[in-house]
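# Observations on the model geometry
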Amino acid sequence: MTNAETISKLNEALSTLIKAYEELQEENTGLKARINELEDEVLELESTKEDLEKNVDEFKDHTEKDKSNISTMLGKIESILSRKSSTPTPSVSSTTTPSSSSTVTPEIAKDKIEEKKDDIFSASVNPTANSLYDNTKKEEPKEESNSNKIDLNRMASLLNGFNH
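Here goes a summary of the coordinates provided. All values derive from a computational prediction rather than experimental measurement.

Our focus in this paragraph is the overall build of the protein chain. The helix and strand inventory of the protein chain stands at 6 helices and 0 strands. Listing each helix as α and each strand as β along the protein chain from the N terminus yields α-α-α-α-α-α. When contacts within the protein chain are restricted to residue pairs at least 6 apart in sequence, long-range pairs at least 24 apart make up 61% of them. Only carbon and sulfur atoms are counted for the fraction: they give 56% of the accessible area of the protein chain, which is about 13,400 Å².

Further remarks concern helix H1 (residues 3-86). In this model H1 runs 121 Å from its N-terminal to its C-terminal C-alpha over 84 residues, within 8% of the 124 Å that 1.5 Å per residue would give. Those residues of H1 that sit buried are Ile77, Leu81 and Ser85.

Per the stated rule, a full pass over the model turns up 1 salt bridge. Where Arg34 meets Glu37, a salt bridge forms, and the shortest distance between an N and an O atom there is 3.4 Å. Linking Arg34 with Glu37, this pair stays in helix H1, spanning 3 residues, or about one helical turn. A relative accessible area of 41% means that Arg34 is categorised as partly exposed.

On the surface, a cluster of negative charge is made up of Glu46, Glu50, Asp51, Glu53, Asp57, Glu58, Asp61 and Glu64. When you line up the elements, Glu46 lands in helix H1.

Thresholds applied
Within each chain, residues carry numbers counting from 1 in the order of the written sequence. Under the rules for a predicted model, residues below a pLDDT of 70 receive no local features and side-chain atom pairs below 80 are neither given nor counted, while totals for whole chains, interfaces and linings still include all residues. Hydrogen atoms and water are omitted, and side-chain values are computed over all heavy atoms in the structure. In this text, helices come from DSSP runs of H or I with a minimum length of four residues, and strands from runs of E with a minimum of two, each type numbered from the N-terminal end. Only heavy atoms enter the contact rule, under which two residues are in contact if any of them lie within 4.5 Å. Note on areas: Shrake-Rupley with a 1.4 Å probe; residue coverage comes only from the protein chains shown. Under the convention used throughout, the expected extent of a helix is 1.5 Å for every residue step, that is, one less than its residue count. The buried label applies to any residue whose accessible area, calculated with a 1.4 Å probe on protein chains only, is under 20% of its type's maximum; exposed applies above 50%, and partly exposed to all values in between. Counted as salt bridges are all cases of a side-chain nitrogen of Lys or Arg within 4 Å of a carboxyl oxygen of Asp or Glu. Within the patch definition used here, like charges are joined within 9 Å and nonpolar side chains (Val, Leu, Ile, Met, Phe, Trp, Tyr) within 5 Å, considering only residues with over 30% relative accessible area and no salt bridge. His is not counted here, nor are the chain ends, while Lys and Arg score as positive and Asp and Glu score as negative. Here the site of a charge means NZ on Lys, CZ on Arg, CG on Asp, or CD on Glu.

Below is the structure:
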């Protein structure tokens, strides 16, 4: 092999190496660009995650406030019903003794609340129950009927407020 042949083969090898190097450089540039894109996406996702965490914290705060408000409302309703149940009505006084009607335990108050809820819901859902309820109301004096009806309407509106 002569010097010219050796130089020619070295030249071909060098040009092949230069082509491979250029291809690797292009590939490397493309990969660097892709890495930058991915880093930008990661930053966006982290920002979104922080925003979502803030939203979750706000929802938790609102939920706690709502629970507190609902508990307060229920406490007021229970106190209203316990005051109402501590005053003797003609139907209640005939079945209970005065000493037992003056002391209202929390369980009795809860039972009365449930009864009131059942009355309210059955009146709005079942028309036949509503007519039966109206018939029993007619037997009581009109003054008590009106006051009970107002309280039942008030209770219904309060309970509807919880559903919204």
